[in-house]
Amino acid sequence: MINGDAASLISQIRDAVNKLIMSEFERRHIKGIVPSHGDILVYLYKHTNVTMKELAEHIHRSKPTVTVLINKLEEYGYVVREKDGSDNRITYIKLTQKGTELYPIFNDISVEIRERMYGGFSEQEGEQLEQLLQNLLRRF
């Protein structure tokens, strides 16, 4: 029997993950980072010469939202904006040394989250969970 609790459960899981992330940041004395910065930083760890537009498209946020998030990351010294040498209209977002140094911490937190999310599930169950969530997301 379906109870109709999926939205509430998803919200509770998101809250629990965010609480875990914030407690890890606090424990490691990391200032200025919040869970909403995570997608940006993870993308920057994998890509260089990233524009605001590219970031917004990849993390499925509006450009103004990404601008606010980047402003905060820049304020705390985790990223910098750099103009393109040949086209001044293009601005790239790049990690600073301070931002790059967060990578091992982000990786540790990601491993912990994955273990809590998928621990005890078979490979097939984990794949099924992801497929169901992707199908649900497409409906919105």
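Here the structure is a predicted model, which means the values were calculated and not measured. (Residues numbered from 1 in each chain as written. Predicted model: local features only at pLDDT ≥ 70, side-chain atom pairs only at ≥ 80, totals over all residues. Heavy atoms only, no water.)

Q: Looking at this structure, how should I read the nonpolar core?
A: A general feature of soluble globular proteins is that nonpolar side chains tend to end up buried together. Grouped together as the largest cluster of nonpolar side chains are 27 residues, with contacts concentrated most on Ile 33, Ile 40, Leu 55, Val 66, Ile 70, Leu 73 and Leu 102. Those elements that place two or more of their residues in this core are helix 1 (6-27), helix 2 (38-46), helix 3 (52-59), helix 4 (63-75) and helix 6 (103-118). Ranked by residues supplied to this core, first place goes to helix 2 with five residues. Apart from the residues within four sequence positions on either side, Ile 33 is in contact with Met 22, Phe 25, Leu 41, Leu 73, Tyr 78, Leu 102 and Phe 106. (Core = buried A, V, L, I, M, F, W, Y, C linked by side-chain atoms within 4.5 Å. Buried < 20%, exposed > 50% of the residue type's maximum accessible area, 1.4 Å probe, protein only. Helix = DSSP H or I, 4+ residues; strand = E, 2+ residues; numbered from the N terminus. Contact = heavy atoms within 4.5 Å.)

Q: Can you help me understand the packing of aromatic side chains in this one?
A: In this description, an aromatic ring pair is defined by two values, namely the gap between the centres and the angle between the planes. Going through the model one piece at a time under the given rule, you end up with three aromatic pairs. Centroid distance Phe 25 to Phe 106: 5.7 Å. Interplanar angle 45°. Geometry classified as tilted. Residue Phe 25 is found in helix 1, and its partner Phe 106 is found in helix 6; the two are separated by 81 residues along the sequence. Summarising the burial analysis for this pair, Phe 25 and Phe 106 share the class buried. Residues Tyr 45 and Phe 106 carry aromatic rings whose centres are separated by 5.9 Å and whose planes lie at 70° to one another, so their mutual orientation is edge-to-face. Residue Tyr 45 is located in helix 2, and its partner Phe 106 is located in helix 6; the two are separated by 61 residues in the primary sequence. Linked through ring pairs, Phe 25, Tyr 45, Tyr 103 and Phe 106 together constitute an aromatic cluster. (Phe/Tyr/Trp six-rings, centres within 6.5 Å; stacked < 30°, edge-to-face > 60°.)

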